[in-house]
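What follows is the residue order along each chain.
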Amino acid sequence: MARNAAPALRTSGLTKFRRMLVTPEGVGLNISLASASARFGALMLDMVFINLIYIAYFLVMFLLFLGFGLGFEELFTANPEAVNGLLSILFVVTILFIFIVRNGYFLYFELGPRGATWGKRILGIRVAARDGGRLAPEAVVARNLLREVEFFLPIQFLSILSAQGNTSSFTLIAGVIWVLVFAFFLMFNKDRMRCGDLLAGTWVVLAPKQQLTEVVAPQDSMTSAARYGADYRFSDAELGIYGEYELQTLERVLRDGSEESERTVYVAICTKLGWEPGAGDERAFLENYYTQLRQKLESGMRFGKRRANKYEGEG
Amino acid sequence: MAEQAFAPHMVADAQAALDDIAVLRSDRFRLEREADWTRLDQIITMLEKGRRSRISDEDSLALPTLYRKTVSALSIARESSLDSGLISYLEALTSRAYYQVYGPRTGFFAWFAAFFSGGWSRAVRAIWLDIVIILLVMVAGAVVGYVLVDQNNDWYFALVGPDMASGRVPGADTDVLRRSLGGGNAEDSLSVFAAFLFSNNAQVAIFAFALGFALGIPSILLVTHNLALLGAMLWVFVDAGMGVEFVGWLSIHGTTELLAIALAGAAGLHIGRAMAFPGKKTHLAAIQQAGLTSAIVMTGVVLMLVLAGLLEGFGRQLITDTAIRYAIGYSLLAFWAAYFAFTGRRKEALARQTSEDSHHGA
């Protein structure tokens, strides 16, 4: 299976982020790790969403309180103790709410079918099990529990300490170092794992979504002649000047359908073949060349012969 | 042609029709299977959107087959087609299908239910050795704190900072000590609860776990220091003849809280031990397995700490009778012990049975 990974078919993602995930069926899937910046961006987006939830909560609480205050004004003015009691209960509820939302948000979405929070979805990344097996709920819990230690708690301690005004510069520096060590942990291992990922056996990968494109040159060469009024036949030697890399470049040009680049490639191929480039028939020429080159290379593949690019010798 | 040899004869006509459309063998391969891929794509899209109920029964039944067909189409395409658009489509589709077919089997709420009905207890039982070690360390720490202060009162100030002591020092006035054990009103409850959540013991618990990474040694040190502090404070109250009241004051929430700290320390130690002694597994695999068990334990610890916070904030401030404090504290302890000892046993036995069966089978 390892050889399957080799063909340079993937065009997106940095080479160092490419990994092979072997499914239980034994087929290797090319996956790409999410970059540190995508991870950071997703976290920031998630923080925005979580804070929006908090703002909504506080708005609702505020309105409820306003309503209560107006409705039971006499009761409260007669009994200020009750106000304090109510406030303290509300305070406790709020602390618990903040804590539950913060943890529940990540758990709920990462345990969902897409394995990604809103932030991760927007950036097209998701959580996956490193060993290619099932993503266990415990793994999701573990990686998010560590997020609490890595990120939320130190920030919370620091903000409370500085709000109280009794932060010594030592605790401040220690806190900042703590956060930075955990934040940069993922930059120092090749699989871009933060501590939580390491512990949980997970990593964050790109979640590709792609539409099936049309067949590049769908027509039979006979009908191509009918379509374009021209039919090109290339000899083995004329097809032998290119390899798979050039074929895929040609495929991209044909899929894009930009006349300008078609013209450029057409002229380049004609020059290489020693033909006099004409005009107005580029598409037919390229489609024919593409089909015949692919036919030649694919029939070579069936006999185990591959040619990566034009610099590699034939066979 | 290879495809034709395997196809039923009925398909031969369709094959001829395909020959007219596509000249390349790999394009024909694709056109023959496209319908399956589109169908799989639709099912997966529904699953991703969480609309399981919108998928028909036939589609649900067909999903595993469609998935395997697509996986095998991908391996064939890699070896026989140079259409990179097709291959990257199949890669993406297979990955998406793979994540659905091998995705988490339970959602958030189902997992939470399973967690309470046995998952947590099983994880706690799985790290029993670490819990025993930590409990011994805790007892030793408390004894050391008590004995040290008993030998020389200056130790008290080394162990307990002036902030934390707040007047509770050796030889302090009995009234001051008594007041510190008393109740308070609702406003105090609030500040105590708030202080608790971000304060000492919750921190101790979470750091005891997090520092397990350093082979578990900081976890042990942290727990020892904390319990030494407790032992030192106990001495002050015993010295003033209020030992029973102090233990009551401590017990109402302390049984839950100290147990939570013990579990957190044990979870940290569990990871630390896996790092130091991975056994036959690789380090990474050993850490990972220990990490998963510890994470479950720690989820429970967090919930226990919230409960302890409520008890400390409200229970202790509002209930001042020592006997009732004892009753609440120790019935909770009994509850935890029974809960961890007995829940989730059946599934454990079942798992053992199946693993034994498969062993005999092999």
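On a predicted model such as this, the values are computed, not experimentally measured, just so you know.

A. Structural detail: the overall build of chain B. Scanning chain B from N- to C-terminus turns up 17 helices and 0 strands. Among the 362 residues that make up chain B, the fraction classed as buried is 43%. Taking as baseline every contact in chain B between residues at least 6 positions apart, the subset at least 24 positions apart corresponds to 77%.

B. Representation of the overall build of chain A within the structure. Broken down by element type, chain A carries 13 helices and 4 strands. In chain A, which comprises 315 residues, the proportion classed as buried is 30%. Here the analysis covers contacts within chain A between residues at least 6 apart in sequence; of these, 65% occur between residues at least 24 apart.

C. Helix 15 (residues 283-318) of chain B, seen in detail. Counted at 1.5 Å a residue, the expected span for helix 15 of chain B with its 36 residues is 52 Å, and the 50 Å between its end C-alpha atoms agrees. At L311 of chain B, helix 15 of chain B is deflected by roughly 35°, the largest bend along its length.

D. Inspection of the interface of chain A and chain B at higher detail. Taken together, the contact between chain A and chain B spans 67 residues of the former and 62 residues of the latter. Elements supplying a minimum of two residues to the side of chain A that touches chain B: strand 2 (28-32), helix 4 (80-110), helix 6 (137-164), helix 8 (195-200), helix 11 (244-256) and helix 13 (282-302) of chain A. A total of 12 residues in the side of chain A that touches chain B trace back to one element, the largest contributor, which is helix 6 of chain A. Classifying every residue of the side of chain A that touches chain B by side-chain character gives 37 nonpolar, 17 polar and 13 charged.

E. Summary view of the nonpolar core. One finds V205 of chain A together with A205, A232, A260, L263 and A264 of chain B to be the most contacted residues of the largest nonpolar core, which totals 121 residues. When residues of this core are assigned to their parent elements, the largest contribution, 16 residues, is made by helix 14 (residues 243-276) of chain B. One finds Y242, I269, A284 and Y289 of chain A within the second-largest nonpolar core, a separate group that totals 16 residues.

F. Here's a closer look at the confidence of the model for chain A. All names here are of chain A. The share of residues in chain A with pLDDT of 70 or more is 87%, and the mean pLDDT across the chain is 79. When pLDDT is averaged over each helix and strand of chain A, the minimum, 36, is found for helix 1 (residues 2-5) and the maximum, 93, for helix 5 (residues 118-122). For residues 1-12, every residue scores under 50 in pLDDT, and the model assigns this stretch 18 contacts once sequence neighbours within four places are set aside.

G. Structural view of the packing of helix 14 of chain B against helix 15 of chain B. Residues and elements named next belong to chain B. Two elements in contact, helix 14 and helix 15, have axes whose closest approach is 8 Å; the angle formed by their N-to-C orientations is 170°. By the angle between their axes, helix 14 is roughly antiparallel relative to helix 15. The residue makeup of the contact of helix 14 with helix 15, split by class, is 21 nonpolar, 9 polar and 3 charged.

H. Region of the structure containing unusual backbone geometry. In the Ramachandran plot, R192 of chain A falls in the positive-phi region, its phi being about 55° despite a non-glycine side chain. Here R192 of chain A is to be found in the loop between helix 7 (169-185) and helix 8.

I. Inspection of helix 12 (residues 259-273) of chain A at higher detail. Residues and elements named next belong to chain A. Helix length check: helix 12 (15 residues) gives 21 Å between terminal C-alpha atoms against 21 Å at 1.5 Å per residue, within 8%. For helix 12, the complete set of buried residues consists of V265, Y266 and I269. Each buried residue of helix 12 lies within a common arc of 105° when the element is viewed along its axis, so the set occupies one face. Facing away from the buried side of helix 12, by more than 90 degrees, are the exposed residues E260, A268 and T271. Residues of helix 12 that are buried sit in contact with helix 11 and helix 13. Residue G274 follows helix 12 closely and has a positive phi angle near 80°.

J. Representation of the pairing of strand 3 (residues 125-129) of chain A in the model. Residues and elements named next belong to chain A. Within strand 3, 5 of the 5 residues are buried, which leaves it mostly tucked inside the rest of the structure. Burial of the side chains of strand 3 extends over both faces: I125, V127 and A129 are buried on one face and R126 and A128 on the other. Taken together, the 5 bridges between strand 3 and strand 4 (residues 202-206) define a ladder with antiparallel strand orientation. Each residue of the ladder has a partner; that of A128, found in strand 4, is W203.

K. Seen up close, the packing of helix 6 (residues 108-126) of chain B against helix 15 of chain B. Residue and element names in this part refer to chain B. Two numbers describe how helix 6 lies on helix 15: the axes approach to 9 Å, and their chain directions differ by 120°. With respect to helix 15, the element helix 6 is oriented oblique. Considering only the axes of helix 6 and helix 15, their crossing is left-handed. Of the residues in helix 15, those in contact with F115, G119, W120, A123, V124 and A126 of helix 6 are T293, I296, V297, T299 and G300. Tallied by class, the residues present in the contact of helix 6 with helix 15 amount to 7 nonpolar, 4 polar and no charged.

L. Representation of the environment of S159 of chain A. Relative to the assigned elements, S159 of chain A resides in helix 6. C-alpha of S159 of chain A to C-alpha of K272 of chain A: the two residues are 113 residues apart in sequence and 68 Å apart in space.

M. How the structure looks around the environment of L263 of chain B. All names here are of chain B. Among the structural elements, L263 can be located in helix 14. Taking the C-beta count within 10 Å as the criterion, L263 has 28 such neighbours and is therefore assigned buried. Spatially, the C-alpha atom of L263 lies 8.2 Å from that of I134, the residues being 129 residues apart in sequence. In contact with L263, other than residues within four places in its own chain, are V124, I131, V297 and V301.

Rules of the game
- Residues numbered from 1 in each chain as written.
- Chains lettered and ligands numbered in written order.
- Predicted model: local features only at pLDDT ≥ 70, side-chain atom pairs only at ≥ 80, totals over all residues.
- Helix = DSSP H or I, 4+ residues; strand = E, 2+ residues; numbered from the N terminus.
- Buried ≥ 20, exposed ≤ 12 C-beta atoms within 10 Å, placed from the backbone.
- Contact = placed C-beta atoms within 7 Å.
- Expected span 1.5 Å × (residues − 1).
- Bend = angle between axes of the 7 residues up to and from the residue.
- Nonpolar A, V, L, I, M, F, W, Y, C, P; charged D, E, K, R; others polar.
- Core = buried A, V, L, I, M, F, W, Y, C linked by C-beta atoms within 7 Å.
- pLDDT = per-residue confidence, 0-100.
- Axes fitted to C-alpha atoms, helices over the stretch in contact; angles between N-to-C directions.
- Parallel < 35°, antiparallel > 145°, perpendicular 65-115°, else oblique.
- Arc of directions from axis to C-beta.
- Pairing = 2+ DSSP bridges.
- Left-handed = near helix turned anticlockwise from the far one by under 90°.

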